[in-house]
Structures are given as structure tokens and as C-alpha cells.
Amino acid sequence: GDSVTQMEGPVTLSEEAFLTINCTYTATGYPSLFWYVQYPGEGLQLLLKATKADDKGSNKGFEATYRKETTSFHLEKGSVQVSDSAVYFCALRNAGNMLTFGGGTRLMVKP
Amino acid sequence: GAVVSQHPSWVICKSGTSVKIECRSLDFQATTMFWYRQFPKQSLMLMATSNEGSKATYEQGVEKDKFLINHASLTLSTLTVTSAHPEDSSFYICSAQKGASGDYEQYFGPGTRLTVT
């Protein structure tokens, strides 16, 4: 079945540091890939997505590129802020329109 | 927009009682709604999928008699936790899918934190 693996956290960075959160997936066919963010006590918000190979999703300074050859969708941001502290989930959606989530990575950004 | 609300945002109940959680799509009609459960510091676990007017499809291991799902209209789905026990304490999140015009994005509600004492 489909699965998503992302790096375990927590990831602790200083403000303005570079962020990478790794995500790899296993799926049949050609899934769409997503990054969601969850702030404390809240539900999930879609951060960015990519629907086909080599697509780059971007939003709020975050970006991720759909790499079919490495089955990866790593999340990056050049300069993190304290307000980026949250849990980030990588997910895929396959033909059945169901989402499969990774385990989540907690990001903590210190001033 | 695509706004999904949940009510209540948090609830505390006594063991043995039942609790109902509502999920509403505020500005669109949702052909499908999903219910997830999230344990502390863990990922989301899909509990069930519900389509308006039909019975919910439960994931393996989820007790359908304990977690009653009703999707009575295109804008409302409810999850009732029956005879709640402390192990049912969790964060419950719903999502709604438009389905129309090929829009299969899931729009998530803010979640409901249930504590059973």
C-alpha cells in the first residue's frame, strides 16, 4: 500500500536558519503530493502541493519539488521565523482520493 | 473559500456518556467528509469516510458501533462517540471534499479535543 516517510523531529533551528524536512513516499501510479502545517491546538492547513513529476509547490517562502526518480518531496525554506514553529505533515493522494500522511515533523524555531 | 468548522472545539465528558461532534462545510457543499483521529505527537489516522446520504465506510480496526457517523446533508457530518472511555480521549479532526469539478482537495476543520474522565 501507499506510505509516506518523513524525518522524525523535533527539528530545532535558530531564526533565519535554512530548513529542510525530508519526505519520501511509496505509491503505485502517480500520486499528488502535499505538505500540511498544523499549529498548536489547530487542524491542518494546506501549505503547498505538487501534482506531477518535477512540479514545484511553493507558499509563504516554503517550497518542495516532486522528484519521481527519488520518490521524494522535501520541504525547504531559506530563512525560518519563530512563527513557523509547528508540526509539518507530508502526504500523498492517489487515485482513490484518500490522503496518506507521514508521521509529522515538529519544527521549533528559537529567536 | 473553503471553510470547515467543527463544534465543539473541546469537550470534557464522563466515562460512559456519549459525545457528538459536528463538522460543517460553511461555504461549499461537501460530497465526502472524512474523520481522523490524532494522538499526541502522532500523525492523523483516518477513521472513516462518509458520503451524504449513505453509510460511512470505516477503516479497519475502527468500531462502527462506537463511532457513529452521520452525513445527513451536503454541509454537515456528525461523529458520535458512544459510551466514551478514557482511551477515547484524543483530537478528532474532520475534513470535507467538494468533489465537484474535479476538486478533490480535503479542507480540514480546526479539530475537537475530547477528554473523557
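Residues numbered from 1 in each chain as written. Chains lettered and ligands numbered in written order. Predicted model: local features only at pLDDT ≥ 70, side-chain atom pairs only at ≥ 80, totals over all residues. Heavy atoms only, no water.

## Quick notes on the sheet that holds strand β8 (residues 62–65) of chain A
Residue and element names in this part refer to chain A. So the rule is basically this: A pair of strands counts as paired when DSSP detects no fewer than two bridges linking them. Under the DSSP-based scheme used, a helix requires at least four consecutive residues in state H or I and a strand at least two consecutive residues in state E, with every element numbered from the N terminus. Angles shown run from 0 to 180 degrees and are taken between the N-to-C directions of axes, each axis being a line fitted to C-alpha atoms and, for helices, limited to the stretch in contact.
Pairing is antiparallel in the open sheet, where four strands are placed in the order β3-β9-β8-β7. At either margin of the open sheet sits one strand with a lone partner, and together these are β3 (19–21) and β7 (56–59). Across the sheet, the mean angle separating the axes of adjacent strands is 15° when strand polarity is ignored. Examined bridge by bridge, β8 and strand β9 (residues 75–77) share three bridges and lie antiparallel to one another. From the neighbouring strand, alanine 64 faces β9, where its bridge partner is leucine 75.

## What about the side chain of A:Lys77?
We apply this condition: Residue contacts follow a heavy-atom distance rule, with two residues in contact if any of their heavy atoms lie within 4.5 Å.
Mapped onto the secondary structure, A:Lys77 falls in strand β9. Those residues within four positions of A:Lys77 in sequence are excluded, and the remaining contacts are A:Ala17, A:Phe18, A:Leu19, A:Lys60, A:Gly61, A:Phe62 and A:Asp84.

## Quick look at the state of the cysteines
Worth spelling out the cut-off: When two cysteine sulfur atoms lie within 2.5 Å, the pair is treated as a disulfide. Think of it in three bands: with a 1.4 Å probe and only protein chains considered, a residue is buried below 20% of the maximum accessible area for its type, exposed above 50%, and partly exposed in between.
Tallied over the entire structure, the rule returns two disulfides over all chains. Note that A:Cys23 is cross-linked by a disulfide to A:Cys90, the S-S spacing being 1.9 Å. Note on the A:Cys23 and A:Cys90 pair: the S-S dihedral is about -70°, so by sign convention the disulfide is left-handed. Pair noted here: A:Cys23 is in strand β4 (residues 23–26) and A:Cys90 is in strand β10 (residues 86–93), with a separation of 67 residues, a long-range link. In this structure A:Cys90 comes out as buried when scored by relative accessible area, which is 2%. Paired by a disulfide, B:Cys23 and B:Cys94 hold their sulfur atoms 2.0 Å apart. When the S-S torsion is 80°, as for the bridge of B:Cys23 with B:Cys94, the disulfide is right-handed. Here B:Cys23 is found in strand β3 (residues 19–25), whereas its partner B:Cys94 is found in strand β9 (residues 90–97), with 71 residues between them in sequence.

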